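Below are the chains, spelled out letter by letter.
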Amino acid sequence: ASKQADLDAIESTYGVSSPTKALFDDNRRLSAIYSSIQLGNVSPDYPDGVNQTVTALVEEHESLFGLDDGDAAISDSKTQCFGKVCRTVISKTFGELPAWDHELVLGTHDATLISIQGEFDAPDPRRFSTTRLTNDEVRQDVADYFGVETDAIKFESTPELGIARD
């Protein structure tokens, strides 16, 4: 289904009180949606309820959010509320790899979803190399980049393999 069809389905399921505005980046890819999607019985007084409702909306309309690939999944969702406004950040994985900077940020006001921003498309896994660097190779690359000896490079944790946007 097209992203427009997915958005139409959300609007008909949940209802909207004003026209939806979609923004696109320089590559003509969806980057933000501003709307007034009615979420029903949720309250910023109960962030866990907002989180569950918003996450369920994303799961139900996975193709709009770049999650319709069999290897795609929501890895985490966190909601913070400040007064009547809540912010839910949804993190994704593709092929069990964390997808850095592919998050979605959904903003709500009371029981209304007012904005969705972030990465709506899944990455193309064919673009990524299957070659895996060792910790020593990563340390050497970082040292070379900064023009220092490898002894100067210390890892606070084990380097993590993941997917980032171009």
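Structure shown above.
In this text, all values refer to a predicted model and were calculated from it rather than measured experimentally.

A. Looking closely at the state of the cysteines. Here the structure, examined in full by the defined rule, presents one disulfide. What pairs with Cys 81 in a disulfide is Cys 86, and their sulfur atoms sit 2.0 Å apart. Its S-S torsion of approximately 100° makes the covalent link between Cys 81 and Cys 86 right-handed. By relative accessible area, Cys 86 is classed as buried at 1%.

B. Quick look at the nonpolar core. The biggest cluster of nonpolar side chains holds 27 residues, and the ones touching the most others in it are Leu 39, Leu 57, Phe 65 and Leu 106. Among the elements of the structure, α1 (3-14), β2 (30-38), α2 (47-60), β4 (85-94), β6 (104-109) and β7 (112-118) are those that each provide at least two residues to this core. For this core, the element with the highest residue contribution is α2, accounting for four residues. Those residues within four positions of Leu 57 in sequence are excluded, and the remaining contacts are Ile 10, Tyr 14, Ile 37, Leu 39, Phe 65 and Leu 113.

C. Local environment of the pattern of salt bridges. All told, the structure shown has six salt bridges when counted by the stated rule. Among the ionic pairs, Arg 29 bridges to Asp 121, the shortest N-O distance being 3.8 Å. With a gap of 92 residues between them, Arg 29 in the loop between β1 (21-24) and β2 and Asp 121 in the loop between β7 and α3 (135-146) connect regions that are remote in the sequence. A salt bridge links Asp 136 to Arg 139; the shortest N-O distance between them is 3.4 Å. In this pair, Asp 136 and Arg 139 are both assigned in helix α3, three residues apart and thus about one turn of the helix distant. Here the salt bridges do not stand alone but share partners, grouping Lys 3, Asp 25, Arg 29, Glu 119 and Asp 121 into one network.

D. Focus on the pairing of β4. Counting buried positions over the 10 residues of β4 gives eight, a clear majority of the element. Note that strand β3 (residues 72-82) and β4 share 10 bridges and pair antiparallel. Opposite Gln 80, over in β4, you have Arg 87 as the bridge partner. Count of turn residues in the β3/β4 antiparallel hairpin: two residues, of which Gly 83 carries a positive phi of about 65°. By the bridge criterion, six bridges tie β4 to β6 in an arrangement that is antiparallel. Note on β6: the bridge partner recorded for Ile 90 is Leu 104. Bridge count between β4 and strand β5 (residues 97-98): two bridges; the pairing is antiparallel. Paired with Thr 93 across the strands is Pro 98, a residue of β5. Turn length for the β4-β5 hairpin, with the two strands adjacent in sequence and antiparallel, is two residues, and the turn residue Gly 95 shows positive phi of about 60°.

E. Spatial organisation of the packing of aromatic side chains. Counted according to the given criterion, the structure contains two aromatic pairs. A ring pair is formed by Phe 65 and Phe 120, whose centres lie 6.0 Å apart and whose planes are at 25°; its orientation type is stacked. Here Phe 120 lies in the loop between β7 and α3 and Phe 65 lies in the loop between α2 and β3, a separation of 55 residues in the sequence. With a centroid separation of 4.9 Å and an interplanar angle of 85°, the aromatic rings of Tyr 145 and Phe 146 are classed as edge-to-face.

F. Quick look at the environment of Leu 30. Inspection of the secondary structure puts Leu 30 in strand β2. Taking C-alpha positions, Leu 30 is 19 Å from Thr 88, a pair spaced 58 residues apart along the chain. Contact partners of Leu 30, with chain neighbours within four places excluded, come to Lys 3, Ala 22, Leu 23, Phe 24, Leu 64, Gly 118 and Phe 120.

Conventions adopted
- Residues numbered from 1 in each chain as written.
- Predicted model: local features only at pLDDT ≥ 70, side-chain atom pairs only at ≥ 80, totals over all residues.
- Heavy atoms only, no water.
- Disulfide = S-S within 2.5 Å.
- Buried < 20%, exposed > 50% of the residue type's maximum accessible area, 1.4 Å probe, protein only.
- Core = buried A, V, L, I, M, F, W, Y, C linked by side-chain atoms within 4.5 Å.
- Helix = DSSP H or I, 4+ residues; strand = E, 2+ residues; numbered from the N terminus.
- Contact = heavy atoms within 4.5 Å.
- Salt bridge = Lys/Arg side-chain N within 4 Å of Asp/Glu carboxyl O.
- Pairing = 2+ DSSP bridges.
- Phe/Tyr/Trp six-rings, centres within 6.5 Å; stacked < 30°, edge-to-face > 60°.

Don't take any of this as a statement about function, it's just geometry.
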